[in-house]
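What follows is each chain in one-letter form.
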Amino acid sequence: MFALARRSASLLCARPVPSTTSASRYFSSGPDVASFDLTGSFETHCLETAPNNTVECTKEDFLSYFRLMYTMRRMEITCDNEYKARNIRGFCHLYDGQEAVATGMNAALSPEDSWITSYRCHCTALARGGSVEAVLAELFGFQSGMSKGKGGSMHFYNKAHNFFGGQGIVGAQVPVGTGLAFANKYNTKPGETMPVAVACYGDGAANQGQIWESANMAALWKLPMIFCIENNHYGMGTSVERHSSHSDYFKMGNHIPGLRIDGMNILAVREGFRFVKDFVGSGNGPMYVEMMTYRYHGHSMSDPGTTYRNREEIALTRSTRDPLEFVKRTMIDAGFVDSEEIKNIEKTIRKDVQKSVMTAKESSPPPLEELWSYLYAKDNLKRESQEIPDFIRAPFYQNSFGRIL
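So, here is what we can say about the structure in this document. Remember, it's a predicted structure, so these values are computed and weren't measured experimentally.

Criteria and cut-off values
Residues numbered from 1 in each chain as written. Predicted model: local features only at pLDDT ≥ 70, side-chain atom pairs only at ≥ 80, totals over all residues. Heavy atoms only, no water. Helix = DSSP H or I, 4+ residues; strand = E, 2+ residues; numbered from the N terminus. Rg over C-alpha atoms; globule rule 2.2 N^0.38 Å. Buried < 20%, exposed > 50% of the residue type's maximum accessible area, 1.4 Å probe, protein only. Contact = heavy atoms within 4.5 Å. Lys, Arg positive; Asp, Glu negative; His and termini not counted. Charge placed at Lys NZ, Arg CZ, Asp CG, Glu CD. Pairing = 2+ DSSP bridges. Axes fitted to C-alpha atoms, helices over the stretch in contact; angles between N-to-C directions. Salt bridge = Lys/Arg side-chain N within 4 Å of Asp/Glu carboxyl O. Right-handed = clockwise from strand over helix to strand, strands pointing away. Disulfide = S-S within 2.5 Å. Patch = residues over 30% accessible without salt bridge, like charges linked within 9 Å, V, L, I, M, F, W, Y side chains within 5 Å. Areas by Shrake-Rupley, 256 points an atom, 1.4 Å probe, with all protein chains shown as cover.

### Regarding the overall build of the protein
Looking only at helices and strands, the protein features 11 helices and 13 strands. Here the C-alpha radius of gyration of the protein, 22 Å, is about what a compact globule of 405 residues would show, namely 22 Å. Dimensions of the protein along its principal axes, counting C-alpha atoms only, are 75 × 50 × 45 Å. The buried share of the protein, taken over its 405 residues, is 54%. Taking as baseline every contact in the protein between residues at least 6 positions apart, the subset at least 24 positions apart corresponds to 70%. Mean positive and mean negative side-chain charge positions of the protein (43 and 44 charges, respectively) differ by 3 Å.

Okay, structure coming up:
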């Protein structure tokens, strides 16, 4: 069952999660829409209401979720291969296993809502207006990448889609997200529903002081702010039980309302986040959201991911709680597709991802002069109004750029 698990990560092997899903079809109102039961997918804190336990989903929406999630999975597997081939260098944190979180959140949010996240940001960037080609090009350090080859794995950005990127410093995105929430409230006319701001961070960052300070300000000013903890059970290589005295992260805001969601269930994430968006956007102040999820890879590519957990635990999660398998089973049970149609979709996506990789490799690193672009601006960060400095000091003075004063 894709039930909301309150058990610790260390018990995942000892106490297997039942194999039935928490979203079960109970009636169909037509060939292209079905209703599902989400009982057991949510747990609330300081809330008088809760997300609906009965939701509808159309065949078209389900297929779009599956295509995006499977593209995420194939893209991250490709990143793994390209990293091992040394075509990707530096830090690289993969998202496979957590695809339902980014996909469900994106389905619930509006384009006007602001979103900032941690350094595990490839798939969030893809969901928020990116492409596989642009993601891979950025990882290769090429100028056709989402940040023009200057950001790398941890620093994607898409202002047109209000995606304010990944953040290389643990937890540092949360104060920035609170600032985005302040801007959204400041720019909304009194009485109107506000766009929300979301800052995602992991369980390993949940006890940082800057998060407590941000939550305090967000509560005082009733900002439309969502503190979203993607709890994959291991902060780097340390289990929740070993690094946090309080592991019910959705309750960490004390009097700030909280919601725990089964983050392996795309329908639960979508419905839960719709509820949260409506609550905070209506002037009720911030909310803590805890997504119960799991990552298959290690913390980063330098972490094998098996020194602090065993392979049986990972295999058990794949076999009982995998978010992609949940979507496939649910679509088949609802009569939306059959297994052959799913195989054809997967085959097409695999080809598309591989084609995008080859296209990304046709790009090249940014030219040398890009090193000092976007350092200074005169007029609202318009490229044509940049102020190019006379001199850029390099770590070794003899490698400095520009006119030496």
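Still more to cover.
### A word on the environment of His-161
Counting through the fold element by element, His-161 comes out in the loop between helix H4 (132–140) and helix H5 (173–186). In this structure His-161 comes out as partly exposed when scored by relative accessible area, which is 37%. Expressed as a C-alpha distance, the spacing of His-161 and Ser-114, which sit 47 residues apart in the sequence, is 8.2 Å. Ignoring sequence-local partners within four residues, the contact set of His-161 consists of Pro-111, Arg-128 and Gly-129.

### Concerning the sheet that holds strand E5 (residues 114–116)
The six strands are arranged E3-E10-E11-E7-E6-E5 in an open sheet whose pairing can be described as mixed. Only two strands of the sheet have a single neighbouring strand rather than two, namely strand E3 (42–45) and E5. For this sheet the average axis-to-axis angle between neighbouring strands, irrespective of direction, equals 20 degrees. The sheet contact formed by strand E7 (residues 225–231) and strand E11 (residues 287–292) spans six bridges and is parallel. Note on E11: the bridge partner recorded for Phe-227 is Tyr-288. Contacts between helix H2 (residues 99–108) and the sheet are confined to E5, strand E6 (197–202), E7 and E11, with E5 contributing the most and set at about 165 degrees to the helix. Taken strand by strand, helix H8 (residues 266–284) contacts E3, E6, E7, strand E10 (258–262) and E11, and its axis lies near 165 degrees from that of E10.

### Section: unusual backbone geometry
One non-glycine residue, Asn-162, lies in the positive phi region at around 55 degrees. Relative to the elements of secondary structure, Asn-162 occurs in the loop between H4 and H5. Asn-162 sits in the buried class, given a relative accessible area of 16%. Phi at His-233 is positive, roughly 80 degrees, even though this residue is not glycine. One can find His-233 in the loop between E7 and strand E8 (234–235).

### Let's talk about the pattern of salt bridges
A side chain with one charge can pair with a side chain of the opposite charge if their charged atoms come near. Taken as a whole, this structure holds 13 salt bridges when the rule is applied. In this structure, Arg-260 engages Asp-248 in a salt bridge whose closest nitrogen and oxygen atoms are separated by 3.0 Å. One end of the pair, Arg-260, is in strand E10; the other, Asp-248, is in the loop between helix H7 (240–243) and E10, and 12 residues separate them in sequence. Note that Arg-260 is salt-bridged to Glu-290, the shortest N-O span being 3.1 Å. Remark: Glu-290 occurs in strand E11 and Arg-260 occurs in strand E10; sequence separation between them is 30 residues. When salt bridges with common partners are traced through the structure, they connect Glu-43, Asp-248, Lys-251, Arg-260 and Glu-290 into a single cluster.

### Digging into the pairing of E7
Judged by how many residues are buried, E7 sits mostly within the fold: seven of seven residues are covered. Here E7 shows two buried faces, one formed by Met-225, Phe-227, Ile-229 and Asn-231 and the other by Ile-226, Cys-228 and Glu-230. Where E6 and E7 come together, six bridges link them in parallel fashion. Bridge pairing in E7 places Ala-199 opposite Phe-227. Read from E6 through helix H6 (residues 209–220) to E7, the crossover connection turns out right-handed.

### A short note on the state of the cysteines
This structure, assessed with the given rule, holds zero disulfides. Free cysteine Cys-57: the closest other cysteine sulfur is in Cys-228, separated by 20 Å. When its relative accessible area of 1% is taken as the criterion, Cys-57 is described as buried. The thiol sulfur of Cys-79 is not disulfide-bonded, and the nearest other cysteine sulfur, from Cys-92, lies at 5.4 Å. Residue class for Cys-79 comes out buried when judged on its relative accessible area of 0%.

### Focus on a nonpolar patch on the surface
Taken together, the side chains of Phe-182, Tyr-186, Met-217, Leu-220 and Trp-221 present a nonpolar region at the surface, about 590 Å² in accessible area. Mapped onto the nonpolar patch, the elements with two or more residues apiece are H5 and H6. By the secondary structure assignment, Phe-182 is in helix H5. Phe-182 sits in the partly exposed class, given a relative accessible area of 40%.

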